[in-house]
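An overview of the molecular structure
The chain contents come next:
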Amino acid sequence: MKKLLLIFLLVVALVGCTPANGSSSNKSKDGSDDNFPSKSIEVVVGYGPGGASDTIARTVATAASKYLPNDQSFVIKNIPGGAGIIGTSEVHNADPNGYKIGFSPSGPLTILPHMGEASYSLDSLGAVIKLASIPQMLHVKKESPWDNFEEWVEYVQNNPGDFTYSTPGVGGEQHLAMEALNEVLGITTVNVPYNSGGESSVALIGGEVDGSVVFPGTVASDDAKILFSFSGSKEGYDDVPTLKDLGIDVASNVYGGIIAPKEVPQDRIAIIHDAFQKALEDPEVIEKLEGLGYPITYGDSESFQSELESDYKQAGDLLRKLGLVQ
Amino acid sequence: MEIFNFDILSLFTLTNIIAIFAGVFIGLFIGALPGLGASIAIALLLPITYSMTPLASILMLLAIYQAGEYGGSISAVTIGIPGTPSAVVTTLDGNALAKKSYPGKALGYSLAASTIGGLVGGLVLLFLTVPLGKFALKLSAPEYFLIGILGLIAVASLSSKDITKSMISVVLGLMAGTIGIDLLSGVSRFTFGRPELMEGLSIVVLVIGLFAFSEIFSMVNKNLNTKYITDTKGLKTKVTLQEFRKVLKPTFIGSIMGSIIGIMPGLGAGASSWLSYATAKRFSKDPQSFGKGNPEGIAAPESANNATVGSALVPLLSLGIPGSPTIAIIMGAFIIHGIQPGPKVFATEANLVYGIFYGFLIITVVMYLIGRLVTPLFARALAFPNSKITPIVMVLSIVGVFATHLQYIQIWIMLGIGVMCYFLKEFDFSLPSMLLAFVLSPIIEENLRRALLLSEGSYSIFFTRAYSVVIILLILAIVVNMVFSLIKAKRVQRTSIPRPIS
């Protein structure tokens, strides 16, 4: 008897609830009401609470709720996993009624679709509004011999393959930004990957690597100095030269914004866009984001979409050159 | 000194007190439920704390973390299923002692050791954050690799029963740890094209599959009507001072080791509880009884995992990086309030930092008080027959896995692991060794390859750094010691066999 029960349980465990993740699509009748929004709008964040994406999304979405018609609000839903792919897939697979949208940094949209695990492509998602930048900069230790870009370039040109820099991962935005520069300058630098921006910056402060390409907010230390920014524009960091300022035609922007399933009706996209746009002008939002080092960089649906598309191409070319994808 | 200028009384506001009590209660409760650990509780409650003051919200989350680490031992002791990954070791002696009809005693040892460990971690945090933060910076890839190896040796030295089988467990664990994106090449390994596996097997899924489900299957296979306890006298959570004096040494070992390992980012409470268990066994007068209900085997890991909580805050506050995955979630509470943790917070947010330091000590005391009150209720779990325990544990485990990941596939993975591990368990393979190997696998692999990347392929990086050499010597000493005691044991065996007279 008990043997039977055991076998039964083992079998149930293995095959029992198969259709659990099957077609549980709960198509709501929201498609037809023209009083959008008539309920709260879910904003999917593909990372856990407390990270950069969550912080930006939560800060702006909280304020944006004030500007949403019908007293409705945005609700953040964290769906972490797969380096952001799982949250983005959730948005991709959502009913295109505007009640489930997402916040995503550029990486899951411009880099990860090249890698093969993502079930979506950039074409199958619609850009709604660009919200903020997460600028990446080359940091070196305060006592390092390089005080500016020129001195650093001179060193790496004379010592190819000697300069090591830490990044949060191979094939990430930071790695690709440096590789793009290597390509233009004809230099060789060595990427040493870590699990996070925080770990990368500690590797720099501890002297394990010579430099670090990270967002300056993660380097919570006075022991580092910034040589230059990989961004295309100053974005509020007035003291830091961009590569363009230095006469080099390379830029790698990292930024985040709101995305939605492709087929969401245009008028609904406009309502969501307008609420977020007003939030970006909210003094509280400005103070908080800039205090944490995230420059507000508004972009409307079209410009956000075309920026994503051109960055998608740039990332694809680089990844192929590096042999990270075929 | 800033530390002593802080007005401790300013901590005792109504919101802070409520936050601490609520946090301790939630942590104890959720930690005690098999399958649900402190990190889930913190992740779920983090958004709620956004509307609180920074100090109250961080104290509440720390209270959950601290009490959760103790709470994890409750189910480990009572039903042999660890509530948190770091309570895995506690099941060995805790559950054994409980089955001898002393669940209350076992929990009493755990609570006392947890409290002392927590206080030591808190004192380390209070007095040594700045110097220890600087020390942690000196350790880099080669040292992390060697510490990982040290951890594996600790497993090997523990499982003396069947070396071949425990080696197989270790290899299985190491292999499970390679699933996911390879950090150093960006290539996906064993993910079968599933994005859910890109970040590797989840520790929560593994712990629940490994311990909760395999245990459920064996409970079902044995007599479902078994009650472990028929005599309710054993439920009293009381340990006399005299009894506690006997476990003072392992508690001390656990507290110190837990504090040291906590400051090294990425190693975590799981590794610290193991290493201190192995160390306590080595220094024990009675190592033979480890695994059979020796209170020392409870005190060492439980003091270690609570000491790790406090010291895992050290790298967060001194360097701006979280010392454990759970602290990484708590870091979010700082950031959402517009505070970037790091050395600058000592200047900009001194009141917050010292509030956390002293608040942490208060949390530990509150944990002891609430623990004394609540634990006997949990200990009664053993008075239920297994037919009631199994369905409850099963539902909680599935809910826990789903709440952590919101992905159905994770439940499937957990069930698959559960079935596989049921058979491993039946064939006497060591599941705890498998888990520790899984935890250590990425630490060992990533840091070995990173060290070689930094040294351009030269192995000399492991011999030319002072800290590395110290760890290598330690490893050698342990290995030599092990080999000697093995030879000795063999010799004793040989001489004790009567020779046939020719």
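What counts as what
Residues numbered from 1 in each chain as written. Chains lettered and ligands numbered in written order. Predicted model: local features only at pLDDT ≥ 70, side-chain atom pairs only at ≥ 80, totals over all residues. Helix = DSSP H or I, 4+ residues; strand = E, 2+ residues; numbered from the N terminus. Rg over C-alpha atoms; globule rule 2.2 N^0.38 Å. Buried ≥ 20, exposed ≤ 12 C-beta atoms within 10 Å, placed from the backbone. Contact = placed C-beta atoms within 7 Å. pLDDT = per-residue confidence, 0-100. Nonpolar A, V, L, I, M, F, W, Y, C, P; charged D, E, K, R; others polar. Expected span 1.5 Å × (residues − 1). Pairing = 2+ DSSP bridges. Right-handed = clockwise from strand over helix to strand, strands pointing away. Core = buried A, V, L, I, M, F, W, Y, C linked by C-beta atoms within 7 Å. Domains from an automatic or database assignment. Axes fitted to C-alpha atoms, helices over the stretch in contact; angles between N-to-C directions. Parallel < 35°, antiparallel > 145°, perpendicular 65-115°, else oblique. Left-handed = near helix turned anticlockwise from the far one by under 90°.

All right, on to the overall build of chain B then. Assigned secondary structure in chain B consists of 21 helices and 2 strands. Computed over C-alpha atoms, the radius of gyration of chain B comes to 22 Å, within 12% of the 23 Å expected from 2.2 N^0.38 for 502 residues, which places it in the range of a compact globule. Counting the 502 residues in chain B, one finds 57% classified as buried.

So, about the overall build of chain A. If you tally the helices and strands in chain A, you get 10 helices and 11 strands. Expressed as a percentage of the 326 residues in chain A, the buried residues total 49%. The contacts in chain A between residues at least 6 apart in sequence include a share of 76% that link residues at least 24 apart.

With that settled, consider helix α3 (residues 85-93) of chain A. Residues of α3 of chain A that are buried: Ile 85, Ile 86, Gly 87, Thr 88, Ser 89 and Val 91 of chain A. Looking at the packing, one finds that the buried side of α3 of chain A touches β1 (41-45), β3 (100-105), α4 (107-110), β4 (125-133) and β10 (255-261) of chain A.

This part takes up the confidence of the model for chain A. All names here are of chain A. Residue-level pLDDT values for chain A average 87, and 89% of them are 70 or greater. Considering each helix and strand of chain A separately, the mean pLDDT is smallest for helix α1 (residues 2-15), with a value of 62, and largest for β10, with 96. When the criterion is pLDDT under 50, residues 16-32 qualifies, and its contacts beyond four places in sequence or with other chains add up to 9 contacts.

What follows is about the interface of chain A and chain B. Bring the parts together and some accessible area is lost; that lost area is often taken as the interface size. On the side of chain B, 50 residues touch chain A, which itself brings 45 residues to the contact. Contributing elements (two or more residues each) for the side of chain A that touches chain B: α1, α2 (52-64), α3, β7 (190-193), α7 (197-205) and α9 (283-292) of chain A. Ranked by residues supplied to the side of chain A that touches chain B, first place goes to α1 of chain A with 7 residues. Considered class by class, the residues forming the side of chain A that touches chain B number 21 nonpolar, 17 polar and 7 charged.

Residues and elements named next belong to chain A. In this model, helix α6 (residues 173-185) (13 residues) spans 19 Å end to end at C-alpha, consistent with the 18 Å of a helix rising 1.5 Å per residue. All buried positions along α6 are accounted for by Glu 173, Gln 174, His 175, Leu 176, Ala 177, Met 178, Ala 180 and Leu 181. In this structure, the buried residues of α6 make contact with α4, β6 (164-167), β7, β8 (211-214) and α10 (301-322). Gly 186 occupies a position one or two residues after α6 and carries a positive phi of about 65 degrees.

Okay, unusual backbone geometry next. The omega torsion of the bond from Phe 36 of chain A to Pro 37 of chain A falls at -10 degrees, within 30 degrees of zero and hence cis. Mapping Pro 37 of chain A onto the fold places it in the loop between α1 and β1. At Asn 70 of chain A, a position not held by glycine, the phi torsion is positive, near 60 degrees. Among the residues examined, Asn 70 of chain A registers 11 C-beta atoms within 10 Å and is labelled exposed. A positive phi angle, close to 55 degrees, is found at Leu 406 of chain B, a residue other than glycine. With respect to the secondary-structure elements, Leu 406 of chain B resides in the loop between α18 (386-405) and α19 (408-426).

All names here are of chain A. Pairing analysis gives 4 bridges linking β6 to β7, with the strands arranged parallel. Residue pairing in the sheet places Ser 166 in a bridge with Val 192 of β7. With α6 bridging β6 and the parallel β7, this β-α-β connection has right-handed handedness.

A few words on the environment of Ala 113 of chain B. Residues and elements named next belong to chain B. The topology assignment puts Ala 113 in helix α6 (residues 103-138). In the structure, Ala 113 is positioned 185 residues away from Ile 298 in sequence and 8.1 Å away in space, judged by C-alpha atoms. With residues near it in sequence (within four places) discarded, Ala 113 still touches Val 247, Thr 251, Gly 254, Ile 298, Ala 299, Glu 302 and Ser 303.

Val 60 of chain A together with Ile 42, Leu 59, Leu 61, Ile 64 and Leu 435 of chain B are the most contacted members of the largest nonpolar core, which totals 233 residues. At 16 residues, the largest contribution of residues to this core is made by helix α4 (residues 54-79) of chain B. Shared between two domains, this core takes at least three residues from each, and those domains are domain 1 (41-133 + 254-322) and domain 2 (137-229) of chain A. Contacts of Val 60 of chain A, omitting those with residues within four sequence positions, involve Leu 131, Phe 276, Ala 279, Leu 280 and Val 285 of chain A.

Within a sheet, adjacent strands bond to each other through the backbone by hydrogen bonds, running parallel or antiparallel. Residues and elements named next belong to chain A. Taken together, 6 strands build an open sheet; the order of strands is β2-β1-β3-β10-β4-β11 and the sheet is mixed. Because the sheet does not close on itself, it has two edges, and the strands there are β2 (74-78) and β11 (296-299). Here the strands of the sheet are splayed against their neighbours by 30 degrees on average, with no regard to which way each runs. Note that β4 and β11 share 2 bridges and pair antiparallel. Residue pairing in the sheet places Ala 132 in a bridge with Ile 296 of β11. Sheet strands in contact with α2 are β1, β2, β3, β4 and β10, and its direction is about 165 degrees off that of β2.

This part is about the environment of Ala 270 of chain A. All names here are of chain A. Here Ala 270 is to be found in helix α8 (residues 266-280). The partly exposed category is assigned to Ala 270, around which 13 C-beta atoms lie within 10 Å. For the pair Ala 270 and Lys 39, spaced 231 residues apart in sequence, the C-alpha separation works out to 17 Å.

Attention now moves to the packing of helix α12 (residues 268-283) of chain B against helix α20 (residues 431-454) of chain B. Two quantities define a packed helix pair, namely the angle between the helix axes and the distance between the axes. Residues and elements named next belong to chain B. Running from N to C, α12 and α20 cross one another at 125 degrees; their axes reach a closest spacing of 10 Å. Considered as vectors, α12 and α20 are oriented oblique to each other. Pair α12 / α20 crosses with left-handed handedness. Taken together, the residues of α20 that come into contact with α12 (itself represented by Gly 270, Ala 271 and Trp 274) are Leu 436, Val 439 and Leu 440. Of the residues belonging to the contact of α12 with α20, the class tally is 5 nonpolar, 1 polar and no charged.

The subject of this paragraph is the sheet that holds strand β5 (residues 137-141) of chain A. Residue and element names in this part refer to chain A. Strand order in the open sheet formed by 5 strands is β7-β6-β8-β5-β9, and the pairing between neighbours is mixed. A single partner strand is all that each edge strand has here, and the edge strands are β7 and β9 (224-229). On average, each strand axis in the sheet is inclined to that of its neighbour by 30 degrees, with strand direction left out of account. Pairing analysis gives 2 bridges linking β6 to β8, with the strands arranged parallel. Bridge pairing in β8 places Ser 166 opposite Ser 212. The strands touched by α6 within the sheet are β6, β7 and β8, with β8 carrying the most contacts at an inclination of about 115 degrees. Against the sheet, α7 touches β5, β6, β7, β8 and β9, its axis set at about 160 degrees to β8.

What follows covers the domain arrangement of chain A. Residues and elements named next belong to chain A. We note that the domain assignment places domain 1 (41-133 + 254-322) and domain 2 (137-229) within chain A. The centre of domain 1, based on its C-alpha atoms, is set 28 Å off from the matching centre of domain 2. In this complex, domain 1 contributes 10 residues to the contact, which on the side of domain 2 involves 9 residues. With 4 residues, the single largest contributor to the side of domain 1 that touches domain 2 is α10. Residues belonging to the side of domain 1 that touches domain 2 are distributed by class as follows: 7 nonpolar, 3 polar and no charged.

Summing up the model confidence of chain B, the mean pLDDT is 85 and the portion of residues at 70 or higher is 93%. Both scores are given for the predicted complex: the pTM is 0.82, the ipTM 0.79.

So, about the pairing of β3 of chain A. Residues and elements named next belong to chain A. Across the 6 residues that make up β3, a large majority, 5, are buried. Of the strand pairs in this sheet, β3 and β10 are connected by 4 bridges, and their pairing is antiparallel. Bridge pairing in β10 links Ser 104 to Gly 257.

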